[in-house]
Amino acid sequence: MAKTIAIVGAGWGDEGKGAVVSDLAREAQGVGRFQGGNNAGHTLYDSQGRKVVVNIAPSGVIYPHVQNIIGNGCVIDLEVLDHNLKDLINDPKLLISDGAHLIFDYHKQLDQARENSSAKIGTTKRGTGPAYADKINRLGIRASLLRRPKDLEEQIREAANLKNEELELWDSAGTINADILITKIRPLVEKYRGLVADASLFLDKFIKAGNRFIFEGAQGALLDIDHGTYPHVTSSSTTVAGLLAGAGLGLKSIDVAVGVAKLYCSRVGEGSFPTEGESYGNIKNLTRDTAPKLTLDEKIVVYGGIRAHPDYNCLALRLIQEQGDEFGATTGRMRRTGWLDIVALKKAIRVNGLDWLVGTRIDTLDRIGTVKVCTHYQNKETGEFSYDFPGEELELEQMVPQYFEFPGWMSTTGVRAFDRLPRNAQDYLSAIEGLTGVKFAGIRNGPRQGDYIQRTNLWRL
Ligand code: IMP
């Protein structure tokens, strides 16, 4: 029987990991976040059906029975953590690793300043990148200092001096006033200092005592600092190995590795995205309020599966964006959408060593007349075919996706058994299993808790 499960993103983030984790957490005793910061956004529904968005708090905080951990691999903005916890029905059980790093205002200012420059990455501007840079540069401030407020304040003052020099290098980034910053965070330091502990030690005992524990990933394999589309990546290791390092546990601590794969692709921010619709236009700065809606005539092209239409790809992917309500949970930015990319998914499977997949949002593909899957790429310069995701973003930009087409289906909503799905949807899912060699443990067919078709109970493996 599995006791520990890792749930990681198999794409560019936003695969719906939070919903998968919160479903599994009903039968678990613990959930932890081990990388990233509040650049993530996990949408959950509590026991009263209320929508809860968490950014740095683990998804288990919606349950009173779950012990939540924020591990040493994370970067924490205490203001956001406080915000995440304040509307919960119950007081969550939470432990913060003494080795986690803290995000301060100057990190956010630096993140913002870089985004205003030509070196823009399309970040979430939450200060995670600069906080990780400080960590690697051995200039970071760790959560352990929350237990020694005087030392913490001294280190913030030292850091502010240094950061003001750095901020001056960027145009209009402003400066930081250490006194204001310290006064602002003092109540939060008081509030959270008692939760700081050696999370690795705690977790080791917790798991050995037989508790079921979920390692909750953030972002996705294609945003990984090493394995993603560098430099358009996040600043942490988003893979199973990253979770272990960020928890302070060894290889054998994870029984089952599960990748959450949205059944089409999406990406926010800059960076290569092979299966994105051609002539999709620059939508990166649109939001729910400014995004144009498809006209009825345009929808008819997609419903009819008229792939001979020159704009079929573009229109279908826009409709997928609309049907999936694809806007960032953290920033509200419109997500770019693309067809499922098997080449990218195989890379996510490899770098994580995935045992299972959970496919998400099959319902978003409902009524799309022809559904495409990218099986391989063709290099537009050399004409060669490639079945492997290149490590270099420049190389990736040379790749033209090659598609296999599937006839669409009407509705998957409300279905609770795999064999009750429309035949064409079943064929689509079986083909993905065949192409990747990894089975679906379940399929999510909606945004809400319970919108799930279980094929394998991961806790009973
Ligand atoms: P950062 O993590 O804020 O530095 O952003 C770096 C890149 O990762 C940008 O392209 C972001 O849009 C992307 N990113 C970071 N977190 C998430 C997430 O939770 N979902 C999707 N994309 C993310």
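Since the model is a prediction, treat every value here as computed from it, not as a measurement.

Asker: Mind showing me how you'd approach the overall build of the protein chain here?
Answerer: Each helix and strand counted, the protein chain has 13 helices and 20 strands in total. Its C-alpha atoms give the protein chain a radius of gyration of 22 Å, near enough to 23 Å, the size a compact globule of 461 residues would have. Taking the principal axes of its C-alpha atoms as reference, the protein chain extends roughly 70 × 55 × 40 Å. Scored against the burial criterion, the 461 residues of the protein chain give a buried share of 49%. Within the protein chain, counting contacts between residues at least 6 apart in sequence, those at least 24 apart form 76% of the total.

Asker: For this particular structure, what's the right way to read the domain arrangement of the protein chain?
Answerer: Domains assigned within the protein chain are domain 1 (4-97 + 197-261), domain 2 (102-192) and domain 3 (265-460). The C-alpha-based centres of domain 2 and domain 3 are spaced at 37 Å. Contact with domain 2, which involves 5 residues of that partner, is made by 6 residues of domain 3. Its residues placed into classes, the side of domain 2 that touches domain 3 shows 1 nonpolar, 3 polar and 1 charged.

Asker: Would you take a moment to explain the pairing of strand β4 (residues 51-54) for this structure?
Answerer: On a regular strand, one side chain projects to one face of the sheet and the next to the other, so that they alternate. In this sheet, β4 lies alongside strand β3 (residues 42-45) in antiparallel orientation, the contact comprising 4 bridges. Counterpart to Thr43 in the pairing with β4 is Val53. Two successive antiparallel strands, β3 and β4, enclose a turn made up of 5 residues, where Gly49 displays a positive phi of approximately 80°.

Asker: In this structure, what is going on with the nonpolar core? I would like to understand it.
Answerer: Side chains that are nonpolar tend, in soluble globular proteins, to be buried together. Counting residues in each nonpolar core, the largest one holds 115 residues, and the members touching the most others are Ala6, Ile7, Ile76, Ile214, Val258 and Leu340. Looking at this core, the element that brings in the most residues is helix α11 (residues 342-352), giving 7 residues.

Asker: Which parts of the structure should I look at to understand the packing of helix α9 (residues 296-303) against helix α10 (residues 312-323)?
Answerer: Two quantities define a packed helix pair, namely the angle between the axes and the distance from one axis to the other. For the pair α9 and α10, the least separation of the axes is 9 Å and the interaxial angle reads 105°. One element, α9, and the other, α10, form an angle in the roughly perpendicular class. Mapping the contact onto sequence places Glu298, Lys299, Val301 and Val302 in α9 and Tyr312, Leu315, Ala316 and Leu319 in α10. In the contact of α9 with α10, the residues fall into 6 nonpolar, no polar and 2 charged.

Asker: Explain the site of the ligand here, please?
Answerer: Around the ligand sit 20 residues, and of these Gly13, Thr123, Thr124, Thr234 and Gly269 come closest. Lining the shell around the ligand are residues from two domains, each supplying at least three of them: domain 1 (4-97 + 197-261) and domain 2 (102-192).

Asker: Is there a simple way to think about the sheet that holds strand β15 (residues 356-360) in this case?
Answerer: Pairing between sheet strands relies on hydrogen bonds along the backbone, with the strands arranged either parallel or antiparallel. Taken in spatial order, the 10 strands of this open sheet run β9-β7-β5-β2-β10-β1-β11-β15-β19-β20, and their pairing is mixed. Both outer strands of the open sheet, β9 (196-197) and β20 (452-454), are each paired with one neighbouring strand and no more.

Asker: What exactly am I supposed to notice about α11 here?
Answerer: Because each turn of an α-helix spans 3.6 residues, side chains separated by three or four positions end up pointing in the same direction. The element α11 is largely enclosed, with a buried count of 9 among its 11 residues. What α11 keeps buried is the set Ile342, Val343, Ala344, Leu345, Lys347, Ala348, Ile349, Val351 and Asn352. Residues of α11 that are buried sit in contact with β1 (4-9), α8 (240-247), β11 (256-262), β14 (340-341), β16 (370-379) and α13 (423-436). Remark: Gly353 follows α11 within two positions and exhibits a positive phi of approximately 65°.

Asker: Help me understand helix α6 (residues 178-192), please; the structure alone is not making it clear to me.
Answerer: In this model, α6 (15 residues) spans 20 Å end to end at C-alpha, consistent with the 21 Å of a helix rising 1.5 Å per residue. Ile185 marks where α6 bends most, by close to 40°; the proline Pro187 follows one to four residues later.

Asker: Before we go on, may I ask you to explain the packing of helix α2 (residues 78-86) against α6 in this structure?
Answerer: At a minimum axis distance of 10 Å, the contact between α2 and α6 shows a crossing angle of 60°. In this structure, α2 crosses over α6, and the sense of that crossing is left-handed. Two secondary-structure elements touch here, α2 through Leu78, Glu79 and Asp82 and α6 through Ile185, Leu188 and Tyr192. Its residues assigned to classes, the contact of α2 with α6 shows 4 nonpolar, no polar and 2 charged.

The rules behind each value
- The residue count restarts for each chain, going from 1 along the sequence in the order it is written.
- Only residues with pLDDT of at least 70 get local features here, since the model is predicted, and only at 80 or more are side-chain atom pairs given and counted; chain-wide, interface and lining totals rely on the full set of residues.
- Runs of H or I in DSSP of at least four residues are treated as helices and runs of E of at least two as strands, each being numbered from the N terminus.
- All radius of gyration figures rest on C-alpha atoms, and the globule criterion is 2.2 Å times the number of residues raised to 0.38.
- Any residue whose C-beta has 12 or fewer other C-beta atoms within 10 Å is treated as exposed, any with 20 or more as buried, and any in between as partly exposed, C-beta atoms being built from the backbone.
- Placing a C-beta atom from the backbone of each residue, one calls two residues in contact when those atoms lie within 7 Å.
- Domain borders in the structure are assigned automatically or taken from a domain database.
- When residues are sorted by character, Ala, Val, Leu, Ile, Met, Phe, Trp, Tyr, Cys and Pro go into the nonpolar class, Asp, Glu, Lys and Arg into the charged class, and all the rest, Gly among them, into the polar class.
- Strands qualify as paired when DSSP identifies two bridges or more between them.
- One nonpolar core equals one set of buried Ala, Val, Leu, Ile, Met, Phe, Trp, Tyr and Cys residues connected by C-beta atoms within 7 Å.
- All axes are obtained by fitting lines to C-alpha atoms, using only the stretch in contact for helices, and the reported angles, taken between N-to-C directions, cover 0 to 180 degrees.
- Every angle not falling under 35 degrees, over 145, or within 65 to 115 is termed oblique; those three ranges are roughly parallel, roughly antiparallel and roughly perpendicular.
- In this analysis a residue is considered near a molecule or strand if the C-beta atom, reconstructed from its backbone, is found within 6 Å of that molecule or strand.
- How far a helix is expected to stretch is found by multiplying one less than its residue total by 1.5 Å.
- A residue's bend is simply the angle between two axes: one fitted to the seven residues ending at it, one to the seven starting at it.
- The hand of a helix crossing depends on one turn: near helix anticlockwise from the far one by less than a right angle means left-handed, and clockwise means right-handed.

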